[in-house]
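An overview of the molecular structure
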Amino acid sequence: MIFHQFRAGGCLSYVLACGRSHLAALIDPEISLLERYLGEASRAGLRLRYIVDTHTHADHFSATHTLAHRLSIPIVMHRAAEVRHVDLRVEDGEELLVGDLRLQVLHTPGHTLDSMCLLSGERIFTGDTLLIQATGRTDLPTGDPIALHASLFEKLLLLDDSLQVLPAHDYKGRTSSSIGAERVNNPRLQLRDLDAFVAQMQSLNLAMPTHLTEALRTNRTGAKSFSQMLEEASRTVPFVSSRELHRRLKGAEPLTLLDVREKDAYAAGHLPGAVHLARGKLELGIDAAVPDPATRLVVYCEGGAISTLAAATLRELGYVRTAVLDGGLGAWKALGLPLVFP
Ligand SMILES: [Fe+2]
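Residues numbered from 1 in each chain as written. Predicted model: local features only at pLDDT ≥ 70, side-chain atom pairs only at ≥ 80, totals over all residues.

1. Section: the overall build of the protein
The helix and strand inventory of the protein stands at 12 helices and 19 strands. Its C-alpha atoms give the protein principal-axis dimensions of roughly 75 × 50 × 30 Å. Residues counted as buried form 39% of the 342 residues belonging to the protein. When contacts within the protein are restricted to residue pairs at least 6 apart in sequence, long-range pairs at least 24 apart make up 61% of them. (Helix = DSSP H or I, 4+ residues; strand = E, 2+ residues; numbered from the N terminus. Buried ≥ 20, exposed ≤ 12 C-beta atoms within 10 Å, placed from the backbone. Contact = placed C-beta atoms within 7 Å.)

2. Topic: the sheet that holds strand E19 (residues 322-325)
The sheet built from 5 strands is open, its strands ordered E15-E19-E18-E16-E17 with parallel pairing. Strands at the two margins of the open sheet, each flanked by one partner only, are strand E15 (239-240) and strand E17 (275-276). Contacting strand E18 (297-300) and E19, helix H11 (residues 305-316) crosses the sheet at an angle of about 180° to E19. (Pairing = 2+ DSSP bridges. Axes fitted to C-alpha atoms, helices over the stretch in contact; angles between N-to-C directions.)

3. Focus: the nonpolar core
Judged by nonpolar contacts, the single largest core of 50 residues is most densely connected at Leu 16, Ala 24, Ala 25 and Ile 51. Leu 16 has contacts with Phe 3, Ala 24, Ala 25, Ile 27, Val 98, Leu 101 and Ser 120, leaving out every residue within four places of it along the chain. Counting 25 residues, the second largest nonpolar core, distinct from the first, contains Ile 286, Ile 306, Ala 311 and Leu 314. (Core = buried A, V, L, I, M, F, W, Y, C linked by C-beta atoms within 7 Å.)

4. Re the sheet that holds strand E13 (residues 164-167)
The mixed open sheet is built from 6 strands, whose spatial order is E7-E8-E9-E10-E13-E14. Every interior strand has two partners, whereas the edge strands, strand E7 (95-98) and strand E14 (177-178), have only one. In terms of strand pairing, strand E8 (residues 101-107) meets strand E9 (residues 116-120) through 4 bridges, oriented antiparallel. Bridge pairing in E9 places His 107 opposite Met 116.

5. Brief notes about the domain arrangement of the protein
Here the domain parsing of the protein yields domain 1 (2-223) and domain 2 (227-334). Here domain 1 and domain 2 have C-alpha centroids that lie 42 Å from each other. (Domains from an automatic or database assignment.)

6. Here's the deal with the packing of helix H3 (residues 145-153) against helix H5 (residues 194-202)
Relative orientation of the contacting elements H3 and H5 amounts to 120°, with a least axis distance of 9 Å. Relative to H5, H3 is oriented oblique. Handedness of the H3/H5 crossing: right-handed. In contact with Pro 145, Ile 146, Leu 148 and His 149 of H3, H5 contributes Leu 194, Phe 197, Val 198, Met 201 and Gln 202. Classifying every residue of the contact of H3 with H5 gives 7 nonpolar, 2 polar and no charged. (Parallel < 35°, antiparallel > 145°, perpendicular 65-115°, else oblique. Left-handed = near helix turned anticlockwise from the far one by under 90°. Nonpolar A, V, L, I, M, F, W, Y, C, P; charged D, E, K, R; others polar.)

7. As for the environment of Cys 11
Among the secondary structure elements, Cys 11 is positioned in strand E2 (residues 11-17). We classify Cys 11 as buried; it has 22 C-beta atoms within 10 Å. Taking the C-alpha atoms as reference points, Cys 11 and Asp 59, separated by 48 residues in sequence, lie 9.4 Å from one another. In this structure, Cys 11 is in contact with Glu 30, His 60, Ala 168 and His 169, ignoring residues within four places of it in sequence.

8. Comments concerning the pairing of strand E3 (residues 23-27)
Counting buried positions along E3 gives 4 out of 5 residues, so the element sits mostly inside the fold. As paired elements, E2 and E3 share 4 bridges and run antiparallel to each other. Along E3, the bridge assignment pairs Val 15 with Leu 26. Hairpin remark: E2 followed by E3, antiparallel, with 5 residues in the connecting loop; positive phi at His 22, about 65°. Of the pairings in the sheet, the one linking E3 to strand E4 (residues 47-52) comprises 5 bridges and is parallel in character. Across the sheet, Ala 24 pairs through a bridge with Leu 48, a residue of E4. This β-α-β element, E3 to helix H1 (residues 34-43) to E4, shows right-handed connectivity. (Right-handed = clockwise from strand over helix to strand, strands pointing away.)

9. Structural notes on the packing of helix H7 (residues 226-234) against H11
Between H7 and H11, the least distance of the axes is 9 Å, while the angle of their chain directions is 55°. With respect to H11, the axis of H7 lies oblique. Seen from above, H7 lies across H11 with left-handed handedness. Between H7, through Met 229, Leu 230, Ala 233 and Ser 234, and H11, the contact on the second element is made entirely by Ala 305, Thr 308, Leu 309 and Ala 312. For the contact of H7 with H11, the per-class residue count stands at 6 nonpolar, 2 polar and no charged.

10. Focus: H3
What H3 keeps buried is the set Pro 145, Ala 147, Leu 148, His 149, Ser 151 and Leu 152. In this structure, the buried side of H3 is in contact with strand E11 (130-131), strand E12 (134-135) and H5.

11. Regarding the pairing of strand E5 (residues 75-78)
When E4 meets E5, the two strands line up parallel, connected through 2 bridges. The partner of Ile 51 across the bridge, within E5, is Ile 75.

12. Quick word on unusual backbone geometry
In the Ramachandran plot, His 85 falls in the positive-phi region, its phi being about 65° despite a non-glycine side chain. By the element assignment, His 85 lies in the loop between E5 and strand E6 (88-90). What makes His 85 partly exposed here is the crowd of 15 C-beta atoms within 10 Å. The phi dihedral of Gln 133 falls on the positive side, at around 55°, and the residue is not glycine. As for its placement among the helices and strands, Gln 133 is situated in the loop between E11 and E12.

In structure tokens form, the structure reads like this:
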């Protein structure tokens, strides 16, 4: 049996593989580790058989859709998941076969309606149902403290004390616990009384996750987040530093600067000789603004992100000598380089 735990900030994800067949399941992958999962699987000679989300994540971006699409392997979630593109919907008591390993599904609603835990040998992957000295919150969409009480006290705490608890989150650098340790030490499991437990969950007053709406949108639809769009665009365009641009502007070869910020920002100060074309008008306005697609172009915005998306579009439109000012006007100003003020 092969086991890896991955950490991305407070997010924990796992690879569990059969030592004989090297078939593997990837549990709760997070988008920033996408290349690392592939690298580790390749290094260990693993073949991913399933990608599992223990529930619809509201606080981070799942890598399931991107990985499943890239590797042509099924996404597994609980039947109750309101997520498109789930290939294999599972229910309580069912098992996934990963070579000689068995992953048994325990439906544990509460943090979300579609929450499940996966039991395999001496390990249990608890998602956000049971965390180390905490539980998943119940105030996000489909959360339910009464259901969480039942999932914890009538399901998880009935399991063997020695089972290793592997949660989907830990913000204090801890890696695992056990059912026995949680029974004794977890402050949220000390109130067995249902009303007291519910009152406790309802009085947590936790801040909403930073990217709640975007995370739910992308995790439910399999679509891309803004940072994914940006990462993909940045692979298709070259960047120039402020110093390199300054050097180029003093050189003999013609160069066109394209400012893709809004009109007001351009009017308040822009680079010497820059042509203005707001990002929103890019596709329709570029032929009039820059008629020759062979023009040597450097695109900039305030911080470098919108201009990266714009430059990727321009390259698609045939402007094959388009580069991006790395860090945008912010980086240019930080060096004290000259601006034009109308
Ligand atoms: Fe969660």
